[in-house]
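Examination of the molecular architecture
Listed here are the chains, written in short residue letters.
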Amino acid sequence: MRTSTRIAGVLTGLTLALGGAALVAPAAHADVTACINQVERELQGGEASAAIRTACYDAQSGNHEKCVTGLTASSVTNGTAVSACKVAPD
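Residues numbered from 1 in each chain as written. Predicted model: local features only at pLDDT ≥ 70, side-chain atom pairs only at ≥ 80, totals over all residues. Heavy atoms only, no water.

A closer look at the packing of helix H2 (residues 50–60) against helix H3 (residues 64–73)
Just so we agree on the cut-off: Every angle, taken between N-to-C directions, lies between 0 and 180 degrees, and every axis is a line fitted to C-alpha atoms, over only the stretch in contact when it is a helix. A run of DSSP states H or I qualifies as a helix once it reaches four residues; a run of E qualifies as a strand once it reaches two. Both are numbered from the N-terminal end. Convention used here: angles under 35 degrees read as roughly parallel, angles over 145 as roughly antiparallel, angles from 65 to 115 as roughly perpendicular, and any remaining angle as oblique. Helix crossings get a hand from a simple test, with the near helix turned counterclockwise from the far one by less than a right angle marking a left-handed crossing and a clockwise turn marking a right-handed one. Should any heavy atoms of two residues lie within 4.5 Å, those residues are counted as being in contact. Amino acids are sorted into nonpolar (Ala, Val, Leu, Ile, Met, Phe, Trp, Tyr, Cys and Pro), charged (Asp, Glu, Lys and Arg) and polar (every other residue, Gly among them).
Axis separation between H2 and H3 bottoms out at 7 Å; the angle between their running directions is 165°. When the axes of H2 and H3 are compared, the pair comes out roughly antiparallel. Read as a crossing pair, H2 and H3 show a hand that is left-handed. Here H2 contributes Ile 52, Ala 55, Cys 56, Asp 58 and Ala 59 to the contact with H3, which in turn contributes Lys 66, Cys 67, Gly 70 and Leu 71. Grouping the amino acids of the contact of H2 with H3 by side-chain chemistry returns 6 nonpolar, 1 polar and 2 charged.

Dropping the structure here:
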């Protein structure tokens, strides 16, 4: 195999690997943001507290029940908590 062909293959592989990582990383962040935004809509302009943000991150890590419990403890209605926690997981 020629050196130029080998280098082209390595560069192509790196490009695909780095490009794939860039596409995946923002999606996880967007899901947590969607959870927070949904709660903030219920708060009618109020900003989400640290407890609300933590609850949304709990949902992203797969702990849906902890997310719902955390949001309802922060005075979010159960319906909004359940739907917000559903949009957070990856």
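Past the structure itself, the notes keep going.
What to know about the environment of Val 39
As a reminder, the rule being used: Only protein chains enter the area calculation, which uses a 1.4 Å probe; residues under 20% of their type maximum are buried, those over 50% are exposed, and those in between are partly exposed.
As for its placement among the helices and strands, Val 39 is situated in helix H1 (residues 3–42). Of the residues examined, Val 39 reaches a relative accessible area of 0% and is grouped as buried. Between the C-alpha atoms of Val 39 and Thr 80, which are 41 residues apart in sequence, the distance is 6.7 Å. Those residues in contact with Val 39, other than ones at most four positions away along the chain, are Ile 52, Leu 71, Val 76, Thr 80 and Ala 84.

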